[in-house]
Amino acid sequence: MVTALTLAKRTGVSVTVGWSVPIEQNTEKPMHAVMVTAFGGPEVLAVVDLPDPNPAAGQVLITTEAIGVGGVDALIRSGALAAYGATPGHIPGQEVAGTVTEVGEGVDTAWIGRRVWAFTGESGGYTERAVASAKTLVPLPETMSAVDAVTLGSSAMVAHFALRHAHFARGESVLVRGAAGGIGVMAVQLAARGGAGAVAVTTSSAERGDRLRKLGATHVLDRAGRGTENVPAGYDVIIDIAAGADLPAFLARLEPNGRMVAVGVMAGMPPADFGAEMVAAFKKSMSFATFSADTVPASDRRAATAELFAAAARGELEAVVHETLSLEQAVLAHQKMETGEVFGRIVLTPSAR
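So, how was this worked out
- Residues numbered from 1 in each chain as written.
- Predicted model: local features only at pLDDT ≥ 70, side-chain atom pairs only at ≥ 80, totals over all residues.
- Heavy atoms only, no water.
- Helix = DSSP H or I, 4+ residues; strand = E, 2+ residues; numbered from the N terminus.
- Rg over C-alpha atoms; globule rule 2.2 N^0.38 Å.
- Contact = heavy atoms within 4.5 Å.
- Areas by Shrake-Rupley, 256 points an atom, 1.4 Å probe, with all protein chains shown as cover.
- Lys, Arg positive; Asp, Glu negative; His and termini not counted.
- Charge placed at Lys NZ, Arg CZ, Asp CG, Glu CD.
- Buried < 20%, exposed > 50% of the residue type's maximum accessible area, 1.4 Å probe, protein only.
- Arc of directions from axis to C-beta.
- Pairing = 2+ DSSP bridges.
- Core = buried A, V, L, I, M, F, W, Y, C linked by side-chain atoms within 4.5 Å.
- Expected span 1.5 Å × (residues − 1).
- Salt bridge = Lys/Arg side-chain N within 4 Å of Asp/Glu carboxyl O.
- Axes fitted to C-alpha atoms, helices over the stretch in contact; angles between N-to-C directions.
- Phe/Tyr/Trp six-rings, centres within 6.5 Å; stacked < 30°, edge-to-face > 60°.
- Lys NZ or Arg CZ within 6 Å of the ring centre and 35° of its normal.

1. Things to note about the overall build of the protein chain
Step number 1: Regarding its fold elements, the protein chain presents 9 helices and 16 strands.
Step number 2: A compact globule built from 353 residues would reach a C-alpha radius of gyration of about 20 Å, and the protein chain, at 21 Å, matches this within 12%.
Step number 3: On the principal axes, the C-alpha backbone points of the protein chain span a range of 65 × 40 × 35 Å.
Step number 4: Nonlocal contacts in the protein chain, meaning residues at least 24 apart in sequence, comprise 70% of its contacts between residues at least 6 apart.
Step number 5: Accessible surface computed for the protein chain: about 15,000 Å², of which carbon and sulfur atoms make up 53%.
Step number 6: The positive charge centre, built from 28 side chains, and the negative charge centre, built from 35, are 3 Å apart in the protein chain.

Shown next as structure tokens:
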């Protein structure tokens, strides 16, 4: 175990945690956090000691019980998002669940002691105590665990709004490309819950296909989009988490007036000329869009997440947890994501100290 200051001196890393207090202060109660020490593979993640952060105006301090591990965390760690401002010294993690222990100026003190889910932004989640904007807080139903909250959390919310962005309507056929990840398993469930006429999925194995069928999938395809049983010739809606070189081939699967919405690039960027497929099939009036939850007002995100939590509490949605690991096992969590073995989400939990 090293402190963040020691690590900074050894490596020249600039520690940027986004908190309102310099890390040289408040060192009486160091907490464990996971830092990106350099861009690269999972091994660049290091467990460090940091002081407790202080919530600024409009923020709360949360003692974390569960921390979501997402694909964006891996992209930031690898350096793929360096052009967007990510730097070494970054504390990964976008969502946490736990108990509010302190509030900043202007925040209702009634939040103190409440169990909540929170969005921490682009950083700051892989810690024992995290700060988040009070505008992101969603109270947890009494029966919901913190692990289930971060498993559903942003994944369910993104899937919900991606389907809305695609103007999905009851009775339409849906293909979820890259369905075994956090967003994918939620898109499958929400499409089935919304009355889709068919819910096809692409995945890497028959075993995963069987699990996706239990969540609402009606047709299982391989990663190239091939299937063995009465596969629909086309789809009204495609939710694409993968993108990559094969994206144009899936555009060709859209029905007339079909809509593809890309919510991720986990297989890499699509070819620069991918739109040529749409122009070649001009008379089909196909549409392609990207979707980021950043374009949804915070109040709408919060309301949708609260409703999705309520649906899960009623047994209408399932939180699919691949594995729960300790915060100190963040490297292992990212290694598992790199190998593609994760079905659903991995969750980190701080060790009792």
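After that view of the structure, there is still more to cover.
2. Structural notes on helix α9 (residues 330-339)
Step number 1: Within the span of α9, buried status applies to A330, A333, H334 and K336. With its buried residues spanning 155 degrees around the axis, α9 presents them on a single face. When the buried face of α9 is taken as reference, the exposed residues oriented beyond 90 degrees from it are E338 and T339.
Step number 2: On its buried side, α9 packs onto β2 (31-36), β3 (45-50), β4 (59-69), α2 (71-78), β15 (321-326) and β16 (345-349).

3. Thoughts on the pairing of strand β10 (residues 198-202)
Step number 1: Along β10, 5 of the 5 residues are buried, which leaves the element largely enclosed by surrounding structure.
Step number 2: What you see with β10 is no split at all: A198, A200 and T202 on one side and V199 and V201 on the other are buried throughout.
Step number 3: Relative to strand β11 (residues 219-221), β10 is paired through 3 bridges, and the arrangement is parallel. Bridging from a neighbouring strand, V201 pairs with V220 of β11.

4. What to know about the nonpolar core
Step number 1: Grouped together as the largest cluster of nonpolar side chains are 56 residues, with contacts concentrated most on V188, L212, I239, V263 and F291.
Step number 2: Of all the elements in the fold, those that place two or more residues in this core are α3 (146-165), β9 (173-177), α4 (182-193), β10, β12 (235-240) and α8 (298-313).
Step number 3: Among the elements that take part in this core, α3 stands out by supplying 12 residues, more than any other.
Step number 4: With sequence-adjacent residues up to four places away left out, V263 is seen in contact with V158, A162, I183, I239, D240, I241 and F291.
Step number 5: The next biggest cluster of nonpolar side chains, apart from the first, holds 33 residues, and it includes A33, V36, V44 and V60.

5. Quick notes on the environment of E43
Step number 1: Position of E43 relative to the elements: it lies in the loop between β2 and β3.
Step number 2: Overall, E43 belongs to the exposed group, its relative accessible area being 59%.
Step number 3: Linking E43 and H334, residues 291 residues apart in sequence, is a C-alpha distance of 8.8 Å.

6. Quick look at α4
Step number 1: With 12 residues, α4 should cover 16 Å at 1.5 Å per step; its first-to-last C-alpha distance of 17 Å lies within 8% of that length.
Step number 2: Most of α4 is tucked away, with 10 of its 12 residues classed as buried.
Step number 3: Within α4 the residues assigned to the buried category are G182, I183, G184, V185, M186, A187, V188, Q189, L190 and A191.
Step number 4: Tucked into the core, α4 has its buried residues touching α3, β9, β10, α5 (206-214), α8 and β16.

7. Side note on the pattern of salt bridges
Step number 1: Taken as a whole, this structure holds 12 salt bridges when the rule is applied.
Step number 2: Among the salt bridges present, the one from D240 reaches R177, with a minimum N-O distance of 2.9 Å. Of the two residues, D240 is situated in strand β12 and R177 in strand β9; the sequence distance between them amounts to 63 residues. Each member of the pair D240 and R177 is classed as buried.
Step number 3: Salt bridges sharing common partners tie together R193, E307, R314 and E316.

8. As for the sheet that holds β10
Step number 1: The strand order β11-β10-β9-β12-β13-β14 describes an open sheet built from 6 strands, whose pairing is parallel. The open sheet is flanked by β11 and β14 (287-290), the only strands paired with a single partner. For this sheet the average axis-to-axis angle between neighbouring strands, irrespective of direction, equals 15 degrees.
Step number 2: Relative to β12, β9 runs parallel, the two sharing 4 bridges. By the bridge assignment, R177 is partnered in β12 with D240.

9. Here's the deal with the packing of aromatic side chains
Step number 1: This structure, assessed with the given rule, holds 2 aromatic pairs.
Step number 2: Considering the side-chain rings of W117 and F309, the 6.5 Å spacing of their centres and the 80 degrees angle between planes classify their relative orientation as edge-to-face. One end of the pair, W117, is in strand β6 (residues 115-119); the other, F309, is in helix α8, and 192 residues separate them in sequence.
Step number 3: When its relative accessible area of 1% is taken as the criterion, F309 is described as buried.
Step number 4: Measuring from centroid to centroid gives 4.9 Å for F274 and F288, while their planes differ by 65 degrees, and the two rings are edge-to-face. With a gap of 14 residues between them, F274 in the loop between β13 (254-262) and α7 (276-280) and F288 in strand β14 connect regions that are remote in the sequence.
Step number 5: The residue whose ring lies beneath R253 is F250, and the NZ or CZ to ring-centre distance is 5.6 Å.

10. Some details on the environment of L325
Step number 1: Tracing the backbone shows L325 in strand β15.
Step number 2: Sequence spacing of L325 and P297 is 28 residues, and the spatial spacing of their C-alpha atoms is 32 Å.
Step number 3: Discounting residues that sit within four places of it in the chain, L325 has contacts with L332, A333, K336, I346, V347, L348 and T349.

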